[in-house]
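Next come the chains, spelled out residue by residue.
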Amino acid sequence: MKYLDEFRDPQLAGRIFADIERITTKPWAIMEVCGGQTHAIIRNGIDQLLPEQIELIHGPGCPVCVTPLGVIDKALDIASRPDVIFCSFGDMLRVPGTHRDLFQVRSTGGDVRVVYSPLDAVRLAEQHPDKQVVFFAIGFETTAPANAMSVHQAEQRHVTNYSVLVSHVLVPPAIEALVSSPTNRVNGFLAAGHVCSVMGCWQYEPLVERFHVPIVVTGFEPLDVLEGIRRVVIQLEAGEARLENAYPRVVQHEGNVPAQKMLADVFEVCDRQWRGIGEIPRSGWRLSDRYREFDAESRFDVSEIKSPESSICRSGEVLQGLIKPNQCEAFGKECTPRKPLGATMVSSEGACAAYYQYRRLDVPDPSSTFDAATSRGVIDAVRLPSTAPIAVAMPARRG
Ligand code: SF4
């Protein structure tokens, strides 16, 4: 398929692998920020084909995963009300709250609908003036512009029975929190190309300068990810730290300026809870004063709902690279994609779910803390020749 096959070419992949092998002289830990990149890495075995000195750490960029349990419970509370049509993208319907999920709400009479755009939800509100129509607005900078546009259109068309349950999160503050942590092990980052297609690359320049950490913007196909890794390693080996755009077919330095203007009009920056990580200052968006009347949280008075996370989940350590998913004692036992205990098992883009789905089930000594040698022991057991074909699968919805 044009624009996909050429980014999954096994011969080209073999050459980039060989190049990375040739230039790598020291151990480096590189974080792929986005869950879509994690998925591509695990699905194609990229981490198993890299030189032993390079470790990939799976980042927090899975929008479904980082949405706090309390927000899911708020959605379930609102969706259960008889006067509500609750709209969401399909990936949120099976995400469990404390006691149930949106599918179960629908099976017991709740009007829960899957839409392909928040603008469809606005139209539903116009068609059902006797109902309250709520859209579940979660995710990163990627999905936020369409959600912002829906609120803007609702205001312009005086659709007063429309509102949004907002839990948007922002990537740069999460990177800042990770590199500021005393336990940080990350030497360089692969930034998510779809986020940068909206927000541009410029937001990452202060992080590169302040923390002297290479950041390479890249995409989601195997060759995109490999080229990103290659560029990060070149910088690390040279002792340099630059922002590079390895995804120019999609990302422009300035990003999508009209979308940024729309976001700045509808949203304002706020502190935000990240599932598995905790609160990160100024890492989210909420509706600005002008649009606050469209806030479902206050319209349905669910702000006080708080939901404790599992005490045995170690997803915070997974997200910081301190353990691999299969080093969590609950991995594949109490915690599976059907019954997830934590953030990184909730969505297929989460690191724990990716390890489960692609059968990375070899569980090291659960009492051991992470070290590169332990992890490599698992990976070496299934190391493939560098000429192995790159697997092909449909891309997941991201952001
Ligand atoms: S396997 Fe489950 S319990 Fe363990 S860290 Fe991952 S999400 Fe948490």
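Residues numbered from 1 in each chain as written. Predicted model: local features only at pLDDT ≥ 70, side-chain atom pairs only at ≥ 80, totals over all residues.

Turning next to the packing of helix H1 (residues 10-23) against helix H12 (residues 222-238). Relative orientation of the contacting elements H1 and H12 amounts to 15 degrees, with a least axis distance of 10 Å. Classified by the interaxial angle, the pair formed by H1 and H12 is roughly parallel. Along this stretch, H1 crosses H12, giving a crossing that reads as left-handed. Counted together, Leu12, Ala13, Ile16, Phe17, Asp19, Ile20 and Ile23 of H1 and Pro222, Leu223, Leu226, Glu227, Ile229, Arg230, Val233, Ile234 and Glu237 of H12 form the full contact between these two elements. Among the residues making up the contact of H1 with H12, the classes are represented as 12 nonpolar, no polar and 4 charged. (Axes fitted to C-alpha atoms, helices over the stretch in contact; angles between N-to-C directions. Helix = DSSP H or I, 4+ residues; strand = E, 2+ residues; numbered from the N terminus. Parallel < 35°, antiparallel > 145°, perpendicular 65-115°, else oblique. Left-handed = near helix turned anticlockwise from the far one by under 90°. Contact = placed C-beta atoms within 7 Å. Nonpolar A, V, L, I, M, F, W, Y, C, P; charged D, E, K, R; others polar.)

Turning our eyes to something else, we now look at the pairing of strand E4 (residues 111-114). In the sheet, strand E3 (residues 84-88) pairs with E4 via 4 bridges, with the strands oriented parallel. Residue Phe86 lies in a different strand from E4, and its bridge partner there is Val112. (Pairing = 2+ DSSP bridges.)

With that settled, the discussion passes to the sheet that holds strand E1 (residues 28-34). Reading across from one edge, E2-E1-E7-E8-E9 is the order of the 5 strands in this open sheet, with parallel pairing throughout. The open sheet has two free edges, formed respectively by strand E2 (54-61) and strand E9 (243-245), since each of these has just one partner strand. Strand-to-strand twist of the sheet, defined as the mean angle between neighbouring strand axes without regard to direction, takes the value 20 degrees. Both E1 and E2 contribute to a ladder of 6 bridges, which runs parallel. By the bridge assignment, Cys34 is partnered in E2 with Gly61.

By size, the foremost hydrophobic cluster in this structure holds 121 residues, and its most contacted members are Cys87 and Ala191. In this structure Ala191 touches Val33, Cys196, Tyr204, Ile215, Val216 and Val217, once residues within four positions along its chain are discounted. (Core = buried A, V, L, I, M, F, W, Y, C linked by C-beta atoms within 7 Å. Buried ≥ 20, exposed ≤ 12 C-beta atoms within 10 Å, placed from the backbone.)

Looking at the ligand, there are 15 residues lining it, with Cys313, Cys328, Cys335, Gly342 and Cys352 nearest. Looking at the shell around the ligand, the elements that each hand over two or more residues are helix H15 (315-319) and helix H16 (343-346). Across the shell around the ligand, the residue classes tally to 11 nonpolar, 3 polar and 1 charged. (Near = placed C-beta within 6 Å.)

Under the domain assignment used here, the chain contains domain 1 (5-62 + 171-244), domain 2 (65-169 + 255-299) and domain 3 (315-380). Between domain 1 and domain 2, the C-alpha centre-to-centre distance is 31 Å. Across the boundary between the two partners, domain 1 contributes 15 residues, which contact 16 residues of domain 2. Every element with two or more residues in the side of domain 1 that touches domain 2 is listed here: E2, helix H9 (171-180) and helix H10 (193-199). Looking at which element gives the most residues to the side of domain 1 that touches domain 2, the answer is H10, with 6 residues. The residue makeup of the side of domain 1 that touches domain 2, split by class, is 10 nonpolar, 5 polar and no charged. (Domains from an automatic or database assignment.)

With 14 residues, H1 extends 20 Å from end C-alpha to end C-alpha; this agrees with the ideal 20 Å at 1.5 Å per step. Of the positions making up H1, those classed as buried are Ala13, Phe17 and Ile20. Buried positions in H1, seen along its axis, are confined to an arc of 60 degrees and lie on one side of it. When the buried face of H1 is taken as reference, the exposed residues oriented beyond 90 degrees from it are Gln11, Ala18 and Arg22. Here the buried face of H1 lies against helix H3 (46-49) and H12. (Expected span 1.5 Å × (residues − 1). Arc of directions from axis to C-beta.)

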